[in-house]
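# Structural description and commentary
Spelled out from the first residue to the last, the chains are:
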Amino acid sequence: MSAESYLSHARYGKDKVRVFRIVRDGKWHNIVEYNVCALMEGDIDVSYTEADNRVVVATDSVKNITYYLAKTSPHILSPERFALHLGTFLVSKYAHIHKAFVTIEKLRWQRIAVDGTEHPHSFVRDGDDKLVTSVEIDGTQGKDKLVAKVSSGITDLLVLKSSGSAFENFVRDEFTTLVEVDDRIFSTSVDLTYTFSPFPVSLPLFEQSSGQEEIVKTKGSPWDGEVVAKSARKITLDTFATDESASVQATLYKMAQQIVAENSQVQSVKYTLPNKHYVPVDMRYKGIDNLTPAQAEVFIPIAAPSGLISATVSRK
Ligand SMILES: O=c1[nH]c(=O)c2[nH]c(=O)[nH]c2[nH]1
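Here the structure is a predicted model, which means the values were calculated and not measured.

### Structural notes on the nonpolar core
In this structure, Leu 84, Ile 137, Leu 192, Tyr 194, Val 269 and Tyr 271 are the most contacted members of the largest nonpolar core, which totals 65 residues. It is helix α3 (residues 79–93) that provides the largest number of residues to this core, a total of seven residues. With residues up to four places along the chain from it excluded, the contact list for Ile 137 reads Leu 84, Gly 87, Thr 88, Val 91, His 98, Lys 99, Ala 100, Leu 146, Val 147, Ala 148 and Val 201.

### Looking at the site of the ligand
Neighbouring the ligand are the residues Phe 167, Leu 178, Arg 184, Ser 247, Val 248, Gln 249 and Asn 275. Contact between the ligand and Val 248: an oxygen atom at 2.8 Å from a main-chain N or O atom of the residue. At 3.3 Å, a side-chain N or O of Asn 275 approaches a nitrogen atom of the ligand. For the shell around the ligand, a count of residues per class yields three nonpolar, three polar and one charged.

### Section: the pairing of strand β3 (residues 97–106)
Bridge count for strand β2 (residues 28–42) against β3 is nine bridges, and the pairing is antiparallel. Bridge pairing links Ala 38 to Val 102 in β3. Two elements, β3 and strand β6 (residues 130–138), share eight bridges in a ladder whose sense is antiparallel. When the bridges of β6 are listed, Glu 105 appears paired with Val 132.

### Thoughts on the environment of Gly 164
Structurally, Gly 164 can be placed in the loop between β7 (146–161) and β8 (186–196). Each residue touching Gly 164, except ones within four places of it in the same chain, is listed here: Asp 183, Asp 243, Glu 244 and Ser 245.

### Some words on unusual backbone geometry
Cis geometry is found at the peptide bond from Leu 203 to Pro 204, where omega equals -5°. In the segment running from Ala 304 into Pro 305, the intervening peptide bond is cis, with an omega of 0°. Positive phi, close to 55°, is recorded for Ala 51, a residue that is not glycine. Note on Ala 51: relative accessible area 64%, which makes it exposed.

### A short note on the pairing of strand β1 (residues 12–25)
Pairing geometry for β1 and β2, over 12 bridges, is antiparallel. When the bridges of β2 are listed, Lys 14 appears paired with Ala 38. Between β1 and β2, which pair antiparallel in sequence order, lie two residues; one of them, Gly 26, sits at a positive phi of approximately 65°.

### Focus on the confidence of the model for the protein chain
For the protein chain, mean pLDDT is 96; residues scoring 70 or higher make up 98% of the total. Reported for the predicted complex are a pTM of 0.95 and an ipTM of 0.98.

### Things to note about the packing of helix α2 (residues 59–72) against α3
For any two helices packed against each other, one specifies the crossing angle of their axes together with the interaxial distance. One can describe the packing of α2 onto α3 by two numbers: an axis separation of 11 Å at closest approach and a directional angle of 130°. Between α2 and α3, the angle is such that the two are oblique. In this structure, α2 crosses over α3, and the sense of that crossing is right-handed. Residue-level contacts link Ile 65, Thr 66, Tyr 68, Leu 69 and Ala 70 of α2 to Phe 82, His 85, Leu 86, Phe 89 and Leu 90 of α3. By residue class, the composition of the contact of α2 with α3 is eight nonpolar, two polar and no charged.

### Focus: the packing of aromatic side chains
Tallied over the entire structure, the rule returns six aromatic pairs. Where Phe 206 meets Trp 223, the ring centres are 4.7 Å apart and the plane angle is 85°; that geometry is what we call edge-to-face. In this pair, Phe 206 sits in the loop between β9 (199–201) and α4 (212–217) while Trp 223 sits in the loop between α4 and α5 (225–242), placing the two residues 17 residues apart along the sequence. For Phe 206, a relative accessible area of 8% translates into the label buried. The ring centre of Phe 101 lies 3.5 Å from the NZ or CZ of Arg 11, which sits over that ring. Sitting over the ring of Phe 240, Lys 161 keeps its end group 5.5 Å from the ring centre.

Criteria and thresholds
- Residues numbered from 1 in each chain as written.
- Predicted model: local features only at pLDDT ≥ 70, side-chain atom pairs only at ≥ 80, totals over all residues.
- Heavy atoms only, no water.
- Core = buried A, V, L, I, M, F, W, Y, C linked by side-chain atoms within 4.5 Å.
- Buried < 20%, exposed > 50% of the residue type's maximum accessible area, 1.4 Å probe, protein only.
- Helix = DSSP H or I, 4+ residues; strand = E, 2+ residues; numbered from the N terminus.
- Contact = heavy atoms within 4.5 Å.
- Near = heavy atom within 4 Å.
- Polar contact = N/O pair within 3.5 Å; in protein donor to acceptor, adjacent residues only side chain to side chain.
- Nonpolar A, V, L, I, M, F, W, Y, C, P; charged D, E, K, R; others polar.
- Pairing = 2+ DSSP bridges.
- pLDDT = per-residue confidence, 0-100.
- Axes fitted to C-alpha atoms, helices over the stretch in contact; angles between N-to-C directions.
- Parallel < 35°, antiparallel > 145°, perpendicular 65-115°, else oblique.
- Left-handed = near helix turned anticlockwise from the far one by under 90°.
- Phe/Tyr/Trp six-rings, centres within 6.5 Å; stacked < 30°, edge-to-face > 60°.
- Lys NZ or Arg CZ within 6 Å of the ring centre and 35° of its normal.

Next comes the structure, spelled out in structure tokens:
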């Protein structure tokens, strides 16, 4: 026993539960591959402080519940809806569990187009970027008053443009060595999170009273997660490509503003963008100009350090 310390926070569950699911519609197959993390909070302190496992739903059971719902949930094809289902299930089933935190990474599997026609059961991994959704189910106001908080986004979306990016007029003092450029390479790995307004949930999901029907009818809600995800990915890529970028900061702000403008249920948008530097090689040893922007053709990709530019844009 120690008088100096106490358990100030506790959360546990299963991470990296890998799930692949086929939903067959005759010969037409729909598939998803998820990495699921499902964590819980509640009256679990004694499992830490008294070694009392009577309050512990084994993480192995959390894994089994994840697979059970992957088989039985009508929401499996939507990461937002499946995360809501799993989180709501955990908080509803166990009286002493008051909150669930479910994060799902959805891996890319796009249908293969054979001579322009989408194949019914063949798919290709067409990118390393992942759709990520994080759901919190809050049962602290009562099991009949569960509140869902949902945010989704993209990670690991690697992009590069070889022109249309400048960086000028920054602070110049005795620490400045960077030269101003009106044309440079801009490359980043997009990390995007957009957050929806909280809403009530209960089981069966989106089917009973308590205000859940509203969310199904509301365009661009987490029910419609796929529509919002497509909009966010398109805005990110289109803005990145077409913006005459004055800086990572300025381009980030334009992307975030547009996601808020085009998705009425999104309350805030956060981007975290590393500035992955590409440095032109100094070839003056051979009398070759590879440094002035118009002549810069050979670059060294710099793994580290990178800039790191982050901001949140919120609906007024
Ligand atoms: O777009 C940029 N923003 C910065 O803040 C910065 N700092 C830097 O060295 N290069 C860049 N580029």
